[in-house]
Amino acid sequence: MARILVVDDAKFMRTMVKDALVAGGHEIVGEAENGNIAVDQYKAIKPDLVTMDITMREKDGIEAAQEIFKLDPKARIIMVTALGQEELLAKAIKMGVKDFVVKPFSPERLQQAADKALSS
């Protein structure tokens, strides 16, 4: 069981991510609706894994992931993205993001990505 921070600007998407991960036996320890809150939450909570939306207002997922990796180079982050974000996704993978899930996703695919990130 991992302690997970869920980051997405859409509340319904955070709920979908939470439901899928809780069903997989994980604990949701925090939520954030933008990258600024995500970085603050990461500092405060030190989760085992972060699920990060790429496109958000204020600070996007790429910027937030960069800041988190500066704080903790061993951070485990998976990106949750819409189709058409391939360029940003490639940048995220080069940065150290462990995996990605394309919206809409199945709960099984999200759990698979979480397991992969946690085992690396």
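Residues numbered from 1 in each chain as written. Predicted model: local features only at pLDDT ≥ 70, side-chain atom pairs only at ≥ 80, totals over all residues. Heavy atoms only, no water.

For the rest of this paragraph, the subject is the nonpolar core. Grouped together as the largest cluster of nonpolar side chains are 21 residues, with contacts concentrated most on Val 7, Val 50, Met 52, Ile 68, Ile 77 and Met 79. Examining the composition of this core, we find that five residues originate from one element, helix 3 (residues 61-71), more than from any other. Those residues in contact with Val 50 that sit more than four places away from it in its chain are Leu 5, Val 7, Tyr 42, Arg 76, Ile 77 and Ile 78. Listed in part, the 17 residues of the second largest apolar core include Leu 49, Ile 78, Ala 113 and Ala 114. (Core = buried A, V, L, I, M, F, W, Y, C linked by side-chain atoms within 4.5 Å. Buried < 20%, exposed > 50% of the residue type's maximum accessible area, 1.4 Å probe, protein only. Helix = DSSP H or I, 4+ residues; strand = E, 2+ residues; numbered from the N terminus. Contact = heavy atoms within 4.5 Å.)

Attention now goes to the pairing of strand 4 (residues 77-81). Among the five residues of strand 4, five are classified as buried, and the element is accordingly described as predominantly covered. Burial of strand 4 is two-sided: the residues Ile 77, Met 79 and Thr 81 facing one way and the residues Ile 78 and Val 80 facing the other way are all buried. Pairing geometry for strand 3 (residues 49-53) and strand 4, over four bridges, is parallel. Across the sheet, Val 50 pairs through a bridge with Ile 77, a residue of strand 4. Crossover handedness for the path strand 3 to helix 3 to strand 4: right-handed. (Pairing = 2+ DSSP bridges. Right-handed = clockwise from strand over helix to strand, strands pointing away.)

Moving on to the pattern of salt bridges. If you walk through the whole model with that rule in mind, you get six salt bridges. Between Arg 14 and Glu 31 there is a salt bridge, with the nearest N and O atoms lying 2.8 Å from each other. With Arg 14 in helix 1 (residues 11-23) and Glu 31 in strand 2 (residues 27-32), the pair connects residues that are 17 residues apart, well separated along the chain. Look at Arg 14 and you get buried, because its relative accessible area is 8%. We classify Glu 31 as partly exposed; its relative accessible area is 27%. In this structure, Lys 18 engages Glu 31 in a salt bridge whose closest nitrogen and oxygen atoms are separated by 2.6 Å. Taken together, the residues Lys 18 in helix 1 and Glu 31 in strand 2 connect sequence positions 13 residues apart. A relative accessible area of 18% places Lys 18 in the buried class. Members of the salt-bridge network, linked through shared partners, are Asp 8, Asp 53 and Lys 103. (Salt bridge = Lys/Arg side-chain N within 4 Å of Asp/Glu carboxyl O.)

Here five strands make up an open sheet; going across it, the order is 2-1-3-4-5 and the pairing parallel. Edge positions in the sheet fall to strand 2 and strand 5 (99-102), since each has one partner strand and no second. Neighbour-to-neighbour, the strand axes of the sheet open up by a mean angle of 20°, direction not taken into account. In this structure, strand 1 (residues 3-7) lies alongside strand 3, joined through four bridges in parallel fashion. From the neighbouring strand, Ile 4 faces strand 3, where its bridge partner is Leu 49. In the packing of helix 1 onto the sheet, contacts are made with strand 1, strand 2 and strand 3, and the angle to strand 2 comes to roughly 165°. Across the sheet, helix 5 (residues 107-119) lies against strand 3, strand 4 and strand 5, angled at about 170° from strand 5, the strand it touches most. (Axes fitted to C-alpha atoms, helices over the stretch in contact; angles between N-to-C directions.)

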